[in-house]
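# Structural characterization, general
Single-letter residue listing:
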Amino acid sequence: MFPVKAKKNLGQHFLKDKDIARRIAATLNEYPTLPVLEVGPGTGMLTDFLLADKRELTVVEIDRESVAYLKEKYPTLKGKILEEDFLRMDFSRHFDRPFCIIGNYPYHISSQIFFKVLDNKDSVPCCSGMIQKEVAERMVASPGSKTYGILSVLLQAWYDIEYLFTVDEQAFIPPPKVKSAVVRLTRNKRKQLNCNEKLFKMVVKAGFNQRRKMLRNSIKSLLAEESPLPEDPLLMKRPEQLSIEQFEALTNLLEPLVS
């Protein structure tokens, strides 16, 4: 029996396989001196290995029962067990230098977690952990793939993403209904986009929200009514056919026309 009951509304599936926890902790080995934020430690399966590596560790957990258990189990983490919502965290209150993020992430908010990381990309050189296999496949997808989408483009613009290994359902209590995967995001060398970053996001989202349409049709909602579309080959493509660099070019093409 686990010391904490898994809550369905929080999407909790506690990892019980120590070898997998050890392998997840090792994904941060290239950043031994950076502080680490663990998201959703639950019963501390991953926490054990992060502490064994002498990490400067902070954990954030929204489940009160888990928080109470963690405080009792890890007295050395006093003041470093944060009972709050990761998605609403102000990282600057807890970190004054770059830090890594790791976790066995709740599957129902995994995309939101990575968009939060993206919003803080200049402070987070590495983020790794376990997510739903299907989401992992979308994150690493290449142009032309059916799984290539908003998550692929926006994350790959700023991070190199590795699909490290697959994890079976039986590694958890209770077992999820899907397979899981461990991924690692490492900040790439891109300092800025070659276009308006805010508009880039809007163009990517508008394109993939109607992914079966040609871009000349799907991006019309972004344009002023009186703006005629230019004749450009990019607009004749579907969004999954475009690379990040082509999305940058498309953003520059559309910027004078945006309402």
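Our structure is the block above this text.
Counting from 1, residues in each chain are numbered in the order their sequence is written. Where local features are concerned, this predicted model is filtered to residues with pLDDT of at least 70; where side-chain atom pairs are given and counted, the filter is 80 or more; whole-chain, interface and lining totals use all residues. Only hydrogens and water are set aside; all other atoms, that is, all heavy atoms of the structure, feed into the side-chain values.

Turning our attention to unusual backbone geometry. Each neighbour pair has its own omega, and for Ile 173 with Pro 174 the value is -15°, a cis peptide bond. Among the secondary structure elements, Pro 174 is positioned in the loop between β8 (172–173) and β9 (180–187). Phi is positive for Lys 54, which is not a glycine, with a value near 60°. Residue Lys 54 is classed as exposed on the basis of its relative accessible area, which comes to 69%. By definition, any uninterrupted DSSP run of H or I lasting at least four residues is a helix, any uninterrupted run of E lasting at least two residues is a strand, and each is numbered from the N terminus. Three labels apply to residues, based on accessible area from a 1.4 Å probe with only protein chains included: buried if under 20% of the type maximum, exposed if over 50%, partly exposed otherwise in between.

On to the side chain of Ser 218. Positionally, Ser 218 belongs in helix α8 (residues 215–218). What makes Ser 218 buried here is its relative accessible area of 1%. We call two residues in contact whenever any of their non-hydrogen atoms come within 4.5 Å of each other. Those residues within four positions of Ser 218 in sequence are excluded, and the remaining contacts are Ala 206, Gly 207, Gln 210 and Lys 213.

Axes, fitted as lines to C-alpha atoms, cover a helix only where it is in contact. Angles between the N-to-C directions of the axes lie from 0 to 180 degrees. Orientation of helix α7 (residues 197–209) relative to helix α9 (residues 244–254), taken along the N-to-C sense of each, is 105°, at an axis distance of 9 Å. Between α7 and α9, the angle falls in the class roughly perpendicular. Across from Leu 199, Phe 200, Val 203, Val 204 and Phe 208 in α7, the residues of α9 making contact are Ile 244, Phe 247, Glu 248, Leu 250, Thr 251 and Leu 254. Per-class residue counts for the contact of α7 with α9 are 9 nonpolar, 1 polar and 1 charged. Put simply, angles under 35 degrees are roughly parallel, angles over 145 are roughly antiparallel, angles from 65 to 115 are roughly perpendicular, and the rest are oblique. Just so you know the grouping, Ala, Val, Leu, Ile, Met, Phe, Trp, Tyr, Cys and Pro go in nonpolar, Asp, Glu, Lys and Arg go in charged, and all remaining residues, Gly too, go in polar.

Moving on to the packing of helix α1 (residues 18–25) against helix α2 (residues 45–52). Where α1 meets α2, the axes come as close as 9 Å, and the angle between the chain directions of the two elements is 50°. Put simply, α1 runs oblique to α2. By crossing handedness, the relation of α1 to α2 is classed as right-handed. On the side of α1, the interface is formed by Lys 18, Ala 21, Arg 22, Ile 24 and Ala 25, while α2 contributes Met 45, Leu 46, Phe 49 and Leu 50. Handedness of each helix crossing follows the sense of rotation of the near helix against the far helix: counterclockwise by less than a right angle gives left-handed, clockwise gives right-handed.

With that settled, consider the packing of aromatic side chains. The pairing test for Phe, Tyr and Trp rings, Trp by its six-membered ring, is centres within 6.5 Å, and the orientation test on the planes gives stacked under 30 degrees, edge-to-face over 60, and tilted for anything in between. Applying the stated criterion across every chain, the model contains 6 aromatic pairs. Considering the side-chain rings of Tyr 105 and Phe 114, the 5.7 Å spacing of their centres and the 75° angle between planes classify their relative orientation as edge-to-face. Judged by its relative accessible area of 0%, Phe 114 is buried. Taken together, a centroid distance of 6.0 Å and an interplanar angle of 75° make the contact between Tyr 148 and Phe 208 edge-to-face. Here Tyr 148 is found in the loop between α5 (133–140) and α6 (150–156), whereas its partner Phe 208 is found in helix α7, with 60 residues between them in sequence. Each of the two residues, Tyr 148 as well as Phe 208, counts as buried. An aromatic cluster of three or more residues is present, and its members are Phe 86, Phe 91, Phe 95 and Phe 99. We call a charge positioned above a ring when the Lys NZ or Arg CZ atom is no farther than 6 Å from the ring centre and deviates by at most 35 degrees from the ring normal. The ring of Phe 91 is capped by Lys 116, whose NZ or CZ atom sits 5.0 Å from the centre of that ring.

Quick look at the nonpolar core now. In this description, a nonpolar core means a group of buried Ala, Val, Leu, Ile, Met, Phe, Trp, Tyr and Cys residues linked to one another through side-chain atoms lying within 4.5 Å. Core analysis: the largest hydrophobic core is formed by 56 residues, its most contacted members being Ile 101, Met 139 and Ile 219. If one sorts the elements of this core by residue count, α7 sits on top with 6 residues.

A word on α1. Those residues of α1 lying buried are Ile 20, Ala 21, Ile 24 and Ala 25. Along the long axis of α1, the arc covered by the buried residues comes to 140°, so they all point the same way. Residues of α1 that are buried in the fold lie against β1 (14–15), α2, β5 (100–104), β6 (126–132), β7 (159–167) and β9. Working definition: the arc comes from the directions between the helix axis and the C-beta atoms, pointing outward to the latter.

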